[in-house]
Amino acid sequence: MKASTFFLGLATGTVAAAITVLYSTPKSGSEIRTSVKSASTDFRETFGDIKQKVNNLKHSISSLSKEAKETVPGAARGIKQSFENWQQSTEPNRIRLEKELTAIQDALENLEQTIAAQQK
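Every value quoted in this text rests on a predicted model; they were computed, and no experiment measured them. (Residues numbered from 1 in each chain as written. Predicted model: local features only at pLDDT ≥ 70, side-chain atom pairs only at ≥ 80, totals over all residues. Heavy atoms only, no water.)

A.B. asks: I would appreciate a short explanation of the pattern of salt bridges in the present structure.
C.D. replies: Side-chain pairs of opposite charge can arise where the charged atoms are in close proximity. For the coordinates displayed, the defined rule picks out 3 salt bridges. When the shortest N-O distance is used, the salt bridge between E91 and R94 registers 2.4 Å. Of this pair, E91 and R94 both sit in helix α2 (residues 29-119), 3 residues apart, roughly one helical turn. One salt bridge in this structure joins R96 and E100, with 3.0 Å as the shortest N-O distance. (Salt bridge = Lys/Arg side-chain N within 4 Å of Asp/Glu carboxyl O. Helix = DSSP H or I, 4+ residues; strand = E, 2+ residues; numbered from the N terminus.)

Below, the structure written as structure tokens:
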């Protein structure tokens, strides 16, 4: 939803509420005019505050987006480098474990052959 559509709906609702109040109020004309002026002033102040907050939000989102564009690639490179370093540091252990597993498999095969030969 666009902000302009939201504010148009907000303004339309405010005007409709003001007209309803004008026709259904038991106050005198001068009291109503004073109330309308006060409500109008409050509405302008509120609208100004909302506009300011929307602008601040846009600026914050823009800053966050810019910061993310600068930070994320560096963090991704750092993670990739850390993973590569971990792979390199664990490579000797991986090779040693593969050799040990191969030796265990060979020993099991020899044991199976020995048991099979003894059972004959």
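A.B. asks: Which parts of the structure should I look at to understand the packing of helix α1 (residues 3-24) against α2?
C.D. replies: Angle between the axes and distance between the axes are the two parameters that describe a pair of packed helices. Contact geometry for α1 and α2: axes closest at 12 Å, N-to-C directions at 165 degrees. In terms of orientation, α1 lies roughly antiparallel with respect to α2. The hand of the α1/α2 crossing is right-handed. Contacts between α1 and α2 involve F7, L10, A11, T14 and L22 from the first element and I32, V36, F43, F47, I50 and V54 from the second. (Axes fitted to C-alpha atoms, helices over the stretch in contact; angles between N-to-C directions. Parallel < 35°, antiparallel > 145°, perpendicular 65-115°, else oblique. Left-handed = near helix turned anticlockwise from the far one by under 90°. Contact = heavy atoms within 4.5 Å.)

A.B. asks: Would you take a moment to explain the packing of aromatic side chains for this structure?
C.D. replies: Here the distance between the centres and the angle between the planes together describe a pair of aromatic rings. Under the definition given, this model contains 2 aromatic pairs. For the ring pair F43 and F47, a centre distance of 6.1 Å and an interplane angle of 25 degrees mean the geometry is stacked. Residue F43 and its partner F47 are located together in helix α2, separated by 4 residues, close to a single helical turn. (Phe/Tyr/Trp six-rings, centres within 6.5 Å; stacked < 30°, edge-to-face > 60°.)

Remember, this is a structural readout, not a statement about activity or role.
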